[in-house]
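This is what each chain is made of:
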Amino acid sequence: MHYGCGVIVVEPYFARGAKVHKLLTKNTYIYNNSTSFVYGVRNYSTSNIGKLDPDFVSGFIDAEGSFTTVVYYKDRWCVNSVFKISLHVKDVELLKSIQAFFGGVGRITVSESANYRVERIDDLVNCIIPHLDKYPLISKKKVDYELFKRIVFMMKDKLHLTEGGLQEIINIKASMNKGVSEEILAEFPNTTPVDKPIVKEPVVTDIRPNWLAGFTSGDGCFYLYAEKDSKYRSGYRVKLRFNICQHSRDKSLLECIKSYLDCGNVLESSRGEINFDVHKFSDNYEKICSFFSKYPIHGVKALDFNDWKSVAEIVKSKGHLTKEGIEKILKIKLSMNKSRESY
């Protein structure tokens, strides 16, 4: 199959969730005047996302994007650089919106996950890189992006086809992500990792509201707890929690987000992860709900935020203290996050 700009390729998908183990009803997608079939997407309606804000796109890439370069041998040594976003299949509509934002470049494949890939050098040079230079990343992912960009421009100049250029690309790759494999090191024993670019620590003024909406659409979570507690008239205690979890290297970023939103705490988990948590109801209601109502989350996570916000409204009006209110909250909780079956 030919993969051109704006192509979506859909492969058979088998749901592997706790509740679904069989092949589900297939739905038909019409995309770029061609028909494809996607399996396992139940009640998935076309989104009304519309045109995405540029900062939202950069924030989402900061959360979910990746920049990789692969060196492999196929009659000769080859180099392939790929910008990629991988999501659950239920968020294919968001990927289509991101692809549309970038003018249709790249391709989307759907199998057990939905993947948006851009690997044509011209598309990377003319679309992806100019965008990220104008609307920059804030997390430590920017280090890999800067190294990736160096490789892409070397490939544009055909330097990967020269012995010296190929070695320099491998030197750069050795400082990216997980570095290079033992097999590559054996073939290129003179590999010396380059110095990583110095990326300044973020400050509060680096946080842009739509960037934060995009970042949260990728890495944010809206939790709802309804715990039995006889101290309450309804028999339940209801709690809301907003969370963003990151690798420890991005602790300063979460501290900036905390200051920007003026609420919550930043703590390290027992697994070494860094969490920005907001537990206080007044902060969740007055700051978190208000912020993301003004700067929208997109994708399936927007449904979780809307449900979470609905519960916040019930709690604000003291409805959680009544039997009727608790029944409504419990019903909402059963369809949120990983329990959601309809999109």
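Everything numeric here is computed off the predicted structure, so don't read it as measured data.

Calculation notes
- Residues numbered from 1 in each chain as written.
- Predicted model: local features only at pLDDT ≥ 70, side-chain atom pairs only at ≥ 80, totals over all residues.
- Heavy atoms only, no water.
- Core = buried A, V, L, I, M, F, W, Y, C linked by side-chain atoms within 4.5 Å.
- Buried < 20%, exposed > 50% of the residue type's maximum accessible area, 1.4 Å probe, protein only.
- Helix = DSSP H or I, 4+ residues; strand = E, 2+ residues; numbered from the N terminus.
- Contact = heavy atoms within 4.5 Å.
- Salt bridge = Lys/Arg side-chain N within 4 Å of Asp/Glu carboxyl O.
- Pairing = 2+ DSSP bridges.
- Axes fitted to C-alpha atoms, helices over the stretch in contact; angles between N-to-C directions.
- pLDDT = per-residue confidence, 0-100.
- Polar contact = N/O pair within 3.5 Å; in protein donor to acceptor, adjacent residues only side chain to side chain.
- Expected span 1.5 Å × (residues − 1).

S.K.: Break down the nonpolar core for me, citing the residues and quoting the values.
M.R.: Within the largest apolar cluster, 93 residues are counted, with the highest numbers of intra-cluster contacts made by Tyr116, Phe242 and Ile257. If you tally residues by element for this core, the top one is helix H4 (residues 141-156), at eight residues. Among residues more than four places away in sequence, those in contact with phenylalanine 242 are Thr216, Cys221, Phe222, Leu261, Phe276, Asp277, Val278, Asn284, Ile288, Phe292 and Trp308.

S.K.: Describe in detail the pattern of salt bridges, supporting the description with residues and values.
M.R.: Tallied over the full model, the rule gives 15 salt bridges. In this structure, lysine 239 and glutamate 227 form a salt bridge, with 3.8 Å as the shortest nitrogen-oxygen distance. You can see lysine 239 sitting in strand S9 (residues 236-246) and its partner glutamate 227 sitting in strand S8 (residues 220-228), a full 12 residues away along the chain. When its relative accessible area of 30% is taken as the criterion, lysine 239 is described as partly exposed. With relative accessibility at 34%, the residue glutamate 227 sits in the partly exposed group.

S.K.: I'd love a proper account of the sheet that holds S8, names of residues and values included.
M.R.: Strand order in the open sheet formed by four strands is S8-S9-S11-S10, and the pairing between neighbours is antiparallel. A strand with exactly one partner marks an edge of an open sheet, and here the two such strands are S8 and strand S10 (265-268). Taking the axes of each pair of neighbouring strands and ignoring which way they run, one obtains an average angle of 30 degrees across the sheet. With five bridges connecting them, S9 and strand S11 (residues 274-278) associate as antiparallel partners. From the neighbouring strand, phenylalanine 242 faces S11, where its bridge partner is valine 278. Sitting on the sheet, helix H10 (residues 301-316) is in contact with S8 and S9, with an inclination near 145 degrees to S9. Here helix H11 (residues 323-333) sits on the sheet in contact with S8 and S9, set at roughly 135 degrees to S8.

S.K.: Could you give an account of the confidence of the model for the chain, naming the residues involved and the relevant values?
M.R.: Across the chain, the average pLDDT comes to 86, with 83% of residues at 70 or higher. A low-confidence stretch, residues 1-47 stays under pLDDT 50, and its non-local contacts, those more than four residues away or across chains, total 101 contacts.

S.K.: How would you explain the environment of serine 58 if you had to name every residue and give the values?
M.R.: Along the chain, the position of serine 58 falls in helix H1 (residues 54-64). Along the primary structure serine 58 and proline 136 are separated by 78 residues, whereas in three dimensions their C-alpha atoms are 6.7 Å apart. Leave out the neighbours within four places in its chain, and serine 58 touches His131, Leu132, Tyr135, Pro136, Leu137, Arg208 and Trp211. One polar contact links serine 58 to histidine 131, side chain to side chain, over a distance of 2.9 Å.

S.K.: Mind laying out H4, listing which residues take part and the relevant values?
M.R.: Compared with an ideal rise of 1.5 Å per residue, which puts 16 residues at 22 Å, H4 spans 22 Å between its outermost C-alpha atoms and is within 8% of the ideal. Within the sequence span of H4, burial applies to Lys141, Val143, Asp144, Tyr145, Leu147, Phe148, Lys149, Ile151, Val152, Met154 and Met155. Each element contacted by the buried residues of H4 is listed here: H1, strand S4 (65-73), strand S5 (77-87), helix H3 (121-134) and helix H5 (163-173). Remark: lysine 158 follows H4 within two positions and exhibits a positive phi of approximately 65 degrees.

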